Every structure is written in structure tokens, then in C-alpha cells.
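Spelled out, the chains give:
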Amino acid sequence: MTDCYKPNPPDTELFPAVSRAAKSLMHHRGWRYGIADFLEALGTTTGTNRVWMFEVIDQGPDYYVTNFVFEWADRPESSNINDNRYIGKRVDVDNPDLRALYQARLNGQVQIHQRTEVGGFLKHEFEVQGIHSMLTIPIMVEGQWWGILGFDDCDAPRDYPGSYVAALEIAAVLITNGILRERLEWEVRHDHLTGLLNRRALIWEIEEALERNPQSGTLVIIDLDWFKNVNDRYGHQAGDEVLKAFSNRMRDRVPDGGILARFGGEEFALWLPTNGPKARLIVEDLRNAILAHPVVWREQSIALTASFGISEMRDHGNESIDTQTLFENVFKRADDALFQAKREGRNRIIYKE
Ligand SMILES: Nc1nc2c(ncn2[C@@H]2O[C@H](COP(=O)(O)OP(=O)(O)OP(=O)(O)O)[C@@H](O)[C@H]2O)c(=O)[nH]1
């Protein structure tokens, strides 16, 4: 039987290939932009027919759901990526074979399956996809099963030696590393509770927008009114839910090119790429929407209002002023406007040129 197994190319090529391919995962926009090159390098060096990755998008004790996210195939006929069956595919773990497979994946164990040995769920997949041998390496992130890096041999059976598995396990760790970096970058730029950008990220985004268009844009600082009362009356958890619902409501109404952020506490900021009456109309629409739609929390309706301070990017005739100072000035004016809105009774918009 073993003599009809596909020969493995010399493993001396594999470690240098993984090392070279690692660089593509360091793509400045994130690993997802370099993964196609990475999988191609693994595919061509191992001489396999298909290298694929799926991501686990939901899981429970007796099921898991996967999305087929990336693939390299040696020829068009080997490709599966456009098969909708693998998008949001749910696997019900309803027999001992499948339970063993699932448990091994949860534990991060590498598995090599041969068509002659598999049963049930895998047998069906092997037949549908024309697979002889499949090597699967779980991608683990922070101790959790994230997905699979898989290798399918369709033209002949294959047995992967230990040195191959070791190199490909390193490849999976490199993907883990990319995912962790992506998570970290998300955390640096976002507010945890609401998923909105945080203050720092908003400033970066505005700086970029100003580089493209220095004299344009409106900054709106938004502060929920009497928010302390929400916490005092309904509890902190309700307060959190209100902040999330409020953020979602706002996010749905931000026009194209607008950037919404949570500055902290019950304070938010919105950058609009427009100036003048158009921007002010958008803000009026936001104020009305907040007023018209109380947040429902555990069947209780929590009415909200917010105060708004608005200012525009303008040099007020001083053309020598640099972008940084322009930007600081617009923040200061919007903040002063918000303060005035609060002082004058809240639930209002104050505009300061
Ligand atoms: N639940 C919850 N509360 C928060 C969070 N961040 C800040 N707060 C609360 O927000 C409240 C803000 O209170 P204040 O600054 O007095 O403002 P306010 O009650 O909204 O009154 P005005 O702004 O003057 O209209 C405080 O009770 C904070 O504890 C958060 O992430 N979750």
C-alpha cells in the first residue's frame, strides 16, 4: 500500500520556504492581505493539491460552525473556495468519530486522515472533494481553537513525515501571530464596550482626512445628558447597554465618510467630511433620532437626550496656521460649544465658528 503513496519533496526546502513566506504575513494592512502568497508558498513547496483555511465562527459542546476563508489550489479543478456549502457550514457533533475529531481540534492536535480509514462525516467530504489524504493543523489563538490550516492531496495518498508536520505547525503559529497582531491593533484603535473608534484613533483618522483635504470637515462633540441618572436608577449594566444601543443608533446614521468615536464615558465625537448647513442638518437629524427612540432595556423604556458642540475646520483668514494647530483649535471650539449647550439646558446643538 505504502508504495503508491505520493513522495514527499525533500524537507530541507520546507523550513526556508516557511521562513520566506512568513514575510508575506507581515503585510502592513494585516495578515489577511498576505495570506494568499503564504498559502501558495506552502502549497508549491509541499507539492500538495490544495491548502486551505477555515475559521470557526461559532461553537458549542455539540456543534461548530465554520467559514471557509482562504485557499490555494494547484489547478482550477482542485478549488473549493467558491462552493457555498462551506460558507457558514454547521457540523453537528452527533457520533463518536466526529466527537473524537472535534476534541482533537479543540486540543490543537495535528491529524492526518486517509480515505481508506475515515468514516461518516469525513468519508462523505473525502468523496465529494476527491481527497485521498488530509493533514489538518488547528490554528490556536489564546488557547482557543480558531480554525484549521489544512492540506489535501487529491491525486494520490500521502503520509506526512514528522519533519513536515513540524514545519507546517510553525506555519500555523505564524498565522496565530498574525491574528493576535490583528486583535491587538483592533484594541489599540477601538473602544471595548461599543466597538467604536477610540479618541486616539479618531485623531489619527482626522489627521489623515486633513492631509487629503486640509480646510474641510466638521467636528461634533456629543455628550449624553444626565447619564449619571441612568446608572443611578437602572444600574451600571443598564448604563452599559444604553451606551451600546446609543452607539449603534448613531453608527447607523453616520453618513459616508463620517467617523464616529467614543471619547470616553458618555462622550462621543463625530467627524463629518462636510462643512456648513449640510453638516448641521446631519447633527439635527441625530439629535431628533436620539430623542424619538428611547432605549429599551429589560422592557423598560429609557429616554435619552444629548447635547452637541459643533465647529468647523477653518483657518479664519490665518493662512499660515499649520494643520495641527487648526485641529487643536477646532477641538477647543467644539468643546466650548458643548459646554455652552449643557449650560443652556442640554438637548441642544451649539455651533461655534
Ligand atoms: N454604565 C456606564 N457608566 C459610565 C461609563 N463611563 C462613564 N459612566 C458614567 O457616566 C456618568 C457621567 O456623569 P456626569 O459626568 O455627571 O454627567 P451626566 O450625568 O451625563 O450629566 P451632564 O453631562 O452634565 O448632562 C457617571 O456616572 C459615570 O460613572 C461606562 O462605560 N458605563
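Just above, that's the structure.
Every value quoted in this text rests on a predicted model; they were computed, and no experiment measured them.

Peer 1: Explanation requested: empty space enclosed by the protein in the structure shown.
Peer 2: Unfilled space is identified by rolling a water-sized probe across the atoms. The full count for this structure, using the stated rule, is 1 cavity of 30 Å³ or more. Here the largest cavity defines a volume of roughly 310 Å³. Together, 19 residues line the largest cavity, and Trp52, Phe54, Tyr86, Glu125 and Gln129 are the ones closest to its centre. Of all the elements in the fold, those that place two or more residues in the lining of the largest cavity are β1 (50–60), β2 (63–73), β3 (89–92) and α4 (120–129). Partitioned by chemical class, the residues of the lining of the largest cavity number 10 nonpolar, 4 polar and 5 charged.

Peer 1: Quick question: what am I supposed to make of the pattern of salt bridges here?
Peer 2: Opposite charge on two side chains allows them to pair when their charged atoms are near. On inspection of all chains with the given rule, the structure shows 25 salt bridges. A salt bridge links Asp62 to Arg99, with the nearest nitrogen and oxygen atoms 2.6 Å apart. Here the residue Asp62 occupies a position in the loop between β1 and β2, and Arg99 occupies one in helix α3 (residues 96–106), the gap between them amounting to 37 residues. Ionic contacts of the salt-bridge type, sharing partners, join the residues Lys6, Asp153, Asp155 and Arg158 into one network.

Peer 1: Explain α3 here, please?
Peer 2: The periodicity of an α-helix, 3.6 residues per turn, causes residues three or four positions apart to be oriented the same way. Three or more residues of α3 are buried, namely Leu98, Leu101, Tyr102, Ala104 and Arg105. The arc that holds the buried residues of α3, viewed along the axis, is 160°, so those residues lie on one side. Gly108 lies just past α3 and shows a positive phi near 80°.

Peer 1: Can you help me understand unusual backbone geometry in this one?
Peer 2: Positive phi values are uncommon outside glycine, yet Glu142 reaches one of about 50°. Structurally, the position occupied by Glu142 is in the loop between β5 (133–141) and β6 (144–153). With a phi angle near 45°, Arg298 is a residue other than glycine that sits in the positive phi range. As for its placement among the helices and strands, Arg298 is situated in the loop between β10 (295–297) and β11 (300–302). When its relative accessible area of 57% is taken as the criterion, Arg298 is described as exposed.

Peer 1: Whenever I open this one, the packing of aromatic side chains confuses me. Can you help?
Peer 2: The geometry of two aromatic rings is summed up by the distance between their centres and the angle between their planes. Taken as a whole, this structure holds 13 aromatic pairs when the rule is applied. Members of the aromatic cluster, connected to one another through ring pairs, are Trp52, Phe54, Tyr64, Tyr102 and Trp145. Note that Arg90 overlies the ring of Tyr63, its terminal NZ or CZ placed 4.3 Å from the centroid. A cation over an aromatic ring shows up here: Arg346 above the ring of Trp226, its NZ or CZ 3.7 Å from the ring centre.

Peer 1: How should helix α7 (residues 227–234) be read in this particular structure?
Peer 2: Taken together, the buried positions of α7 are occupied by Phe227, Val230 and Tyr234. Considered in projection along α7, the buried side chains sweep an arc of 50° and stay on one side of the axis. Summarising the geometry of α7, the exposed residues directed more than 90 degrees from the buried face are Lys228, Asp232 and Arg233. In this structure, the buried residues of α7 make contact with β7 (218–224), α8 (236–253), β10 and β11.

Peer 1: Help me out: how do you make sense of the pairing of β7 in this one?
Peer 2: Strand residues, when the strand is regular, have side chains that alternate between the two faces of the sheet. Counting buried residues in β7 gives 7 out of 7 residues, a clear majority hidden from the surface. Because side chains alternate across β7, one face comprises the buried residues Thr218, Val220, Ile222 and Leu224, and the other comprises Leu219, Ile221 and Asp223, equally buried. Bridge count between β7 and strand β9 (residues 267–272): 6 bridges; the pairing is antiparallel. Each residue of the ladder has a partner; that of Ile221, found in β9, is Ala269. In the sheet, β7 pairs with strand β12 (residues 306–312) via 7 bridges, with the strands oriented antiparallel. Residue pairing across strands places Val220 opposite Ile310, the latter belonging to β12.

Peer 1: Mind showing me how you'd approach the side chain of Arg105 here?
Peer 2: Locating Arg105 in the fold gives a position in helix α3. The side chain of Arg105 sits in the buried core without any salt bridge; Asp152 is the nearest counter-charge, 8.4 Å away. Among the polar contacts made by the side chain of Arg105, one reaches the side chain of Tyr64 at a distance of 3.3 Å. Apart from residues no more than four positions distant in its own chain, Arg105 is found in contact with Phe54, Tyr64, Gln111, Met134, Thr136, Pro138, Met140, Trp145 and Ile148.

Peer 1: Please explain the sheet that holds β5 as it appears in this structure.
Peer 2: As a general point, the strands of a sheet are linked pairwise by backbone hydrogen bonds and lie either parallel or antiparallel. Read from one edge to the other, the open sheet built from 6 strands follows the order β3-β2-β1-β6-β5-β4, with strand pairing classed as antiparallel. Looking along the sheet, the strands with just one partner apiece sit at the ends: β3 and β4 (111–114). The sheet shows a mean angle of 30° between the axes of neighbouring strands, direction not considered. Bridge analysis of β1 against β2 gives 10 bridges, and the strand direction is antiparallel. By the bridge assignment for β2, Asp58 is matched with Val65. Contacts between α3 and the sheet are confined to β1, β2, β3, β4, β5 and β6, with β5 contributing the most and set at about 45° to the helix.

Calculation criteria
- Residues numbered from 1 in each chain as written.
- Predicted model: local features only at pLDDT ≥ 70, side-chain atom pairs only at ≥ 80, totals over all residues.
- Heavy atoms only, no water.
- 1 Å grid on protein atoms, 1.4 Å probe; cavity = no way out; pocket = protein on both sides within 12 Å on 5 of 7 lines; lining within 4 Å.
- Points joined across faces, edges and corners; volume = space filled by probe spheres on them.
- Helix = DSSP H or I, 4+ residues; strand = E, 2+ residues; numbered from the N terminus.
- Nonpolar A, V, L, I, M, F, W, Y, C, P; charged D, E, K, R; others polar.
- Salt bridge = Lys/Arg side-chain N within 4 Å of Asp/Glu carboxyl O.
- Buried < 20%, exposed > 50% of the residue type's maximum accessible area, 1.4 Å probe, protein only.
- Arc of directions from axis to C-beta.
- Phe/Tyr/Trp six-rings, centres within 6.5 Å; stacked < 30°, edge-to-face > 60°.
- Lys NZ or Arg CZ within 6 Å of the ring centre and 35° of its normal.
- Contact = heavy atoms within 4.5 Å.
- Pairing = 2+ DSSP bridges.
- Lys, Arg positive; Asp, Glu negative; His and termini not counted.
- Polar contact = N/O pair within 3.5 Å; in protein donor to acceptor, adjacent residues only side chain to side chain.
- Axes fitted to C-alpha atoms, helices over the stretch in contact; angles between N-to-C directions.

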